[in-house]
Amino acid sequence: MYGVDRIAHHLVRDRICTDARAVVTGAGSGIGRAFALELARRGGEVVCADIDATRAAETVDLIASTTGRPAHSVECDVADRTQVEALVASSCTVFDGPPTLVINNAGVGIGGRRVGEIGFDDWNWALGINLWGVVHGCELFAPMLRDAGRGGIINVASAAGFAAAPSMAAYNVSKAGVMSLSETLAAELAGSGVAVTVLCPTFVKTNVARDGRITAGSRKLAGRLMQLTGISPDGVAAQTLDAHDLRRLYVVPQLDANIIWHLKRHFPVPYVRGLGLVTRYLPAS
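Residues numbered from 1 in each chain as written. Predicted model: local features only at pLDDT ≥ 70, side-chain atom pairs only at ≥ 80, totals over all residues. Heavy atoms only, no water.

## Topic: the nonpolar core
As a reminder, the rule being used: Here, nonpolar core means buried Ala, Val, Leu, Ile, Met, Phe, Trp, Tyr and Cys residues that are tied together by side-chain atoms lying within 4.5 Å of each other. In this scheme, a residue with accessible area under 20% of its type's maximum is buried, one over 50% is exposed, and one in between is partly exposed, where area comes from a 1.4 Å probe on protein chains only. What counts as a helix is a DSSP run of H or I of at least four residues, what counts as a strand is a run of E of at least two, and both are numbered from the N terminus. Between two residues, a contact is recorded if the distance between any of their heavy atoms is within 4.5 Å.
Counting 44 residues, the largest nonpolar core has Leu87, Met179, Leu185 and Cys200 as the members making the most contacts within it. Put simply, the parts of the chain that give this core at least two residues each are β2 (45-50), α4 (81-95), α5 (120-130), α6 (132-148), α7 (160-163), α8 (169-189), β7 (194-199) and α12 (255-266). Considering each element in turn, this core owes the most residues, seven residues, to α8. When residues no more than four places from it in sequence are discounted, the contact partners of Leu185 are Cys138, Ala142, Ile153 and Val196. One finds Ala22, Leu101, Val156 and Val204 within the second-largest nonpolar core, a separate group that totals 30 residues.

## Regarding unusual backbone geometry
Here Asp19, not a glycine, exhibits a phi torsion of approximately 55°, which is positive. Residue position: Asp19 is located in the loop between α1 (2-13) and β1 (21-25). Although it is not a glycine, Ser167 sits at a positive phi angle of roughly 65°. Counting through the fold element by element, Ser167 comes out in the loop between α7 and α8. A relative accessible area of 28% places Ser167 in the partly exposed class.

## Some thoughts on the confidence of the model for the protein chain
Definition in use: Summary of the metric used: pLDDT quantifies the predictor's per-residue confidence within the range 0 to 100.
On average, residues of the protein chain carry a pLDDT of 89, and 84% of them reach 70 or more. Across residues 1-12 the pLDDT falls below 50, and counting only partners more than four positions away or on other chains, this stretch makes two contacts in the model.

## With respect to the sheet that holds strand β4 (residues 101-104)
Where we set the bar: Here a strand pair is declared whenever DSSP counts at least two bridges between the two strands. Note on definitions: angles span 0 to 180 degrees between N-to-C directions of axes, and those axes are lines fitted to C-alpha atoms, for helices only across the stretch in contact.
The strand order β3-β2-β1-β4-β6-β7-β9 describes an open sheet built from seven strands, whose pairing is parallel. In this open sheet, the two edge strands, each paired with only one partner strand, are β3 (71-75) and β9 (250-251). The pairing of β1 with β2 spans five bridges and is classified as parallel. Paired with Arg21 across the bridge in β2 is Glu45. Across the sheet, helix α3 (residues 53-67) is in contact with β2 and β3; its angle to β3 comes to roughly 175°. Sheet strands touched by helix α11 (residues 233-245): β4, β6 (151-156), β7 and β9. Its angle to β7, the strand with the most contacts, is close to 145°.

Below you can see the structure in the form of structure tokens.
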């Protein structure tokens, strides 16, 4: 029992997500807003960054009205490195030093077209936000946390990063890149006192499908699946923060995501072939 008590004491003493000085991108809605609110409930001060300044300000108002905790809104397009650099500077000014937690959450949905039909404009748009946005956040914030010797980075990927669903190539590639970046960063930061977690959900009840570049048929299917299997962003945020405090690298919060994870890992060829056959019978985009 002594060993268990020592471990528990260590975890309670060094909880990254309690009283955090946190930066959350894409904090204007969905999972990002849920992260910001949950961090405030845990005693944190949050910089809420979003490409939509109005949405970011709404999150700050929600934090103030529900928790009374300080929060700050920053307009930021994560695909633009100079804007992320400005976010870094603003955050360090607000906190009078580096943040202790960075959540690279901002992302967009895209799907419904096969490779060869997507178009380079959509490829650049999706990778610019979903992948380069996380690259910018990690490249600019990681050295600060490493130098401080403590803190954490949470990157929001998706089960799409390993599921390989057809007609979602741009989204799949962007989220697979976030997973690989997170795994690499975790290896580089091992022993530094800085934890890394990557979140890989399937459907969460957010507006990502509505706001993305998704064909009508795929949007309708995604909406139906979100209603049937989607979970609350509040629950996902709380579960992910708890896992981050336990220094877990992967958070795969749903049963369907876990099933896909194990099928793809243990039966990769039958999985891909079976997935291709199944998608032939889905509604056309």
